[in-house]
Amino acid sequence: ARVRPEEEEPLMEMRLRDAPHHFYAALLQLGLKYLFILGVQILACALAASILRRHLMVWKVFAPKFIFEAVGFIVSSVGLLLGIALVMRVDGAVSSWFRQLFLAQQR
């Protein structure tokens, strides 16, 4: 029996309940990719500042950009870790609620 797309549509995010470990892995992988991109930006700023260290504008342009990127990386890392922790906590609470709901239906 083939399932029509109209019948699958109401499930949407409930498909995440089928494999919660894949959801956690994908969430952490996405976070690590984001941090990697931010790390590459910091590395590029550090390389630019080190290559152009004798330039007259290094303290006016390159150093503030490096400091801005470093502070942004720290703030983004903390925000990302808190966000992932919050999503995992909410997902755990919803999972336990669904387990209780299914157990109540079976009675």
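Model, not experiment: these values are computed from the prediction.

Calculation rules
- Residues numbered from 1 in each chain as written.
- Predicted model: local features only at pLDDT ≥ 70, side-chain atom pairs only at ≥ 80, totals over all residues.
- Heavy atoms only, no water.
- Helix = DSSP H or I, 4+ residues; strand = E, 2+ residues; numbered from the N terminus.
- Expected span 1.5 Å × (residues − 1).
- Buried < 20%, exposed > 50% of the residue type's maximum accessible area, 1.4 Å probe, protein only.
- Contact = heavy atoms within 4.5 Å.
- Axes fitted to C-alpha atoms, helices over the stretch in contact; angles between N-to-C directions.
- Parallel < 35°, antiparallel > 145°, perpendicular 65-115°, else oblique.
- Nonpolar A, V, L, I, M, F, W, Y, C, P; charged D, E, K, R; others polar.
- UniProt positions renumbered as here; feature names shortened; annotations may be inferred.
- Patch = residues over 30% accessible without salt bridge, like charges linked within 9 Å, V, L, I, M, F, W, Y side chains within 5 Å.
- Areas by Shrake-Rupley, 256 points an atom, 1.4 Å probe, with all protein chains shown as cover.
- Salt bridge = Lys/Arg side-chain N within 4 Å of Asp/Glu carboxyl O.
- Phe/Tyr/Trp six-rings, centres within 6.5 Å; stacked < 30°, edge-to-face > 60°.

Draft legend 1. Seen up close, helix α2 (residues 20–51). Taking 1.5 Å as the rise per residue, α2 with 32 residues should run 46 Å; its terminal C-alpha atoms sit 46 Å apart, in good agreement. The complete set of buried residues in α2 reads Phe23, Leu27, Gly31, Leu38, Ile42 and Cys45. Looking at the packing, one finds that the buried side of α2 touches α3 (58–106).

Draft legend 2. Geometry of the packing of α2 against α3. In contact at an axis separation of 9 Å, α2 and α3 are set at 175 degrees when each is read in the N-to-C sense. Comparing the axis directions of α2 and α3 gives the class roughly antiparallel. When the residues that make up the contact of α2 with α3 are grouped by side-chain class, the tally is 21 nonpolar, 6 polar and 3 charged.

Draft legend 3. Structural context of the UniProt feature "transmembrane region" (unreviewed entry) in the protein. When the UniProt feature table is mapped to this numbering, "transmembrane region" (unreviewed entry) covers residues 34–54 and 66–88. For residues 34–54, helix accounts for 86% and strand for 0%, while the C-alpha atoms at its two ends are 32 Å apart. What you have in residues 66–88 is 100% helix and 0% strand, and the ends, taken at the C-alpha atoms, are 32 Å apart.

Draft legend 4. Region of interest: a nonpolar patch on the surface. A cluster of nonpolar residues, Leu43, Leu47, Ile51 and Leu52, forms a patch on the protein surface that exposes about 390 Å² of accessible area. If you trace the backbone, Leu52 turns up in the loop between α2 and α3. You can call Leu52 partly exposed: its relative accessible area is 33%.

Draft legend 5. Up close: α3. If you check α3, its first and last C-alpha atoms are 69 Å apart, about what 49 residues at 1.5 Å a residue would give, namely 72 Å. Within α3 the residues assigned to the buried category are Val58, Ala63, Glu69, Ser77, Leu80, Ile84, Asp91, Ser95 and Phe98. The elements touched by buried residues of α3 are α2.

Draft legend 6. Seen up close, the packing of aromatic side chains. Under the defined criterion, the tally for this structure stands at 3 aromatic pairs. Between Phe23 and Tyr24, the ring centres sit 5.9 Å apart and the planes meet at 45 degrees, which makes this aromatic pair tilted. Each ring, one from Trp97 and one from Phe98, has its centre 5.3 Å from the other, and the planes form 65 degrees; the classification is edge-to-face. Through a chain of ring-to-ring contacts, three or more aromatic side chains come together here, namely Trp97, Phe98 and Phe102.

Draft legend 7. Here's a closer look at the pattern of salt bridges. Counted according to the given criterion, the structure contains 1 salt bridge. Among the salt bridges present, the one from Glu69 reaches Lys65, with a minimum N-O distance of 2.9 Å. Of the two residues, Glu69 and Lys65 both sit in helix α3, 4 residues apart, roughly one turn of that helix. On the basis of relative accessible area, Lys65 is assigned to the partly exposed category, the value being 41%.

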